[in-house]
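Residue-level structure breakdown
The residues making up each chain are set out below.
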Amino acid sequence: EMEAKYTRKMQALREELDLRRKTEIHELEERKNTQISELMGNHEGAFGAIKNYYNDITAKNLTLINLLKEQVEELKKKEAVLEKEKADVLRENKGLAEPLQEAQELVAELQKKLVHYHRDKEALMNSKAHLKIAQKELKDLQWEHEVLEQRFSQVQEERDDLYQNFTRAINEVQQKTGFKNLLLERKLHGLLTLLEQKEVELSEVLAASNLDPSALSLVSHSLEDVLSSKNATIQDLQIQLARVCKAHNDMLQTFEAKLTAFGIPLDNLGFQPLSFPIPGQ
């Protein structure tokens, strides 16, 4: 009975445990199916995301590839242009070889000059010192120049006054000399006219008187004496006239020499000085 009892209990317990096992297995399967469903959903979402991600990457890569192809084309074009420019630059380099050599020679020469830079700099400083001394001397000379200009202005004023006084004196002397020469010429002309009249009267008297030769000889001697006296008077007057003309001409020469010494042109007189010819020349 106990064996049967415990057999029944064991059977009941086995059935209960089997039922519990089945229930737990069913619950476990349900949980597993749920987890599988969740995992599948998660996997599908992740796969979709990954698929979209890689689709985007693929699209971007295709775009990038197309862009790179375009850039490659552009780079090829640029390379062709650069090759052409390279050829041009090579030609220019060949053409610039000679100027480059000249420039190098110039650089060598400038380097030689640079060696003497300090010496030139010292010479420049000495030149500046001499320049300062020269500037000081220039200022002194300018001051002396101003003083000399003032003295020159004063001398010019004195020269103008002297010129005016000298011109006035020349005019007065010329007027007096001309008037004296005119008087002498008129006096000489009157004496010559009087002499001619006396000779005509004497001829008429001799012709009318019918004097004998001795008386005629006496009258002739007397007349010759008178004529000699008159000729002597005329000669004295001519000598005086010559002296006056010479004095006048000497005065004009002195006047012109003074004007030249003062630097005054003769045209500034405003008149032409009259030079008298010396009688007998």
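You'll find the structure just up there.
Residues numbered from 1 in each chain as written. Predicted model: local features only at pLDDT ≥ 70, side-chain atom pairs only at ≥ 80, totals over all residues. Heavy atoms only, no water.

**Let's talk about the overall build of the protein chain**
For clarity, the cut-off: Think of it this way: any DSSP run of H or I at least four residues long counts as a helix, any run of E at least two long counts as a strand, and we number them from the N terminus. The rule is simple: take the accessible area with a 1.4 Å probe, protein chains only, and divide by the maximum for that residue type; under 20% is buried, over 50% is exposed, in between is partly exposed. Contacts between residues were defined by any pair of non-hydrogen atoms, one from each residue, lying within 4.5 Å. Using a 1.4 Å probe, accessible areas were evaluated by the Shrake-Rupley method; residue-level cover was limited to the displayed protein chains.
Looking only at helices and strands, the protein chain features three helices and zero strands. Written out in order from the N terminus, the α and β elements of the protein chain read α-α-α. A total of 281 residues make up the protein chain; the buried ones form 9% of that total. Residue pairs in contact within the protein chain that sit at least 24 positions apart in sequence constitute 81% of those at least 6 positions apart. Only carbon and sulfur atoms are counted for the fraction: they give 58% of the accessible area of the protein chain, which is about 23,900 Å².

**Section: a negative patch on the surface**
Worth spelling out the cut-off: Patches in this entry comprise residues that are over 30% relatively accessible and not in a salt bridge; like charges within 9 Å are linked, as are nonpolar side chains (Val, Leu, Ile, Met, Phe, Trp, Tyr) within 5 Å. A pair is scored as a salt bridge if a Lys or Arg side-chain nitrogen falls within 4 Å of a carboxyl oxygen belonging to Asp or Glu. The charge count treats Lys and Arg as positive and Asp and Glu as negative. His and the chain ends do not count. Throughout, a charge is located at the NZ atom of Lys, the CZ atom of Arg, the CG atom of Asp or the CD atom of Glu.
A cluster of acidic residues, Glu-24, Glu-27, Glu-29 and Glu-30, forms a negative patch at the surface. Assignment of secondary structure puts Glu-24 in helix 1 (residues 2–115). For Glu-24, a relative accessible area of 47% puts it in the partly exposed group.

**Thoughts on the packing of aromatic side chains**
Put simply, the rule is: Only Phe, Tyr and Trp rings take part, Trp by its six-membered ring, and two of them pair if their centres are within 6.5 Å. Stacked means planes under 30 degrees apart, edge-to-face means over 60, and tilted covers everything else.
Under the criterion given, the structure shown has one aromatic pair. Relative to Tyr-54, the ring of Tyr-53 has its centre 5.3 Å away and its plane inclined at 75°; by these criteria the two rings are edge-to-face. Relative accessible area serves as the criterion here: at 49%, Tyr-54 is assigned to the partly exposed category.

**Considering the pattern of salt bridges**
Applying the stated rule across the entire model yields five salt bridges. Two residues, Asp-18 and Arg-21, come together in a salt bridge whose shortest N-O distance is 2.3 Å. Of this pair, Asp-18 and Arg-21 both sit in helix 1, three residues apart, which is roughly one turn of the helix. Judged by relative accessible area, Arg-21 falls into the partly exposed class, the value being 44%. A salt bridge links Lys-22 to Asp-18, with the nearest nitrogen and oxygen atoms 3.7 Å apart. Here Lys-22 pairs with Asp-18, and both are found in helix 1, just four residues apart, close to one helical turn.

**Describing helix 1**
Stated formally: Expected span of a helix: the number of residues minus one, times 1.5 Å. The angle separating two fitted axes, one through the seven residues that finish at a residue and one through the seven that start at it, defines the bend at that residue.
Its 114 residues place the ends of helix 1 only 133 Å apart at the C-alpha level, less than the 170 Å of an ideal helix rising 1.5 Å per residue. Taken as a whole, helix 1 carries its principal kink of about 40° at Leu-96; the proline Pro-99 stands between one and four residues after it.

**A short note on a nonpolar patch on the surface**
The grouping of Ile-50, Tyr-53 and Tyr-54 at the surface amounts to a nonpolar patch, some 340 Å² of accessible area in total. Along the chain, Tyr-53 falls in helix 1.

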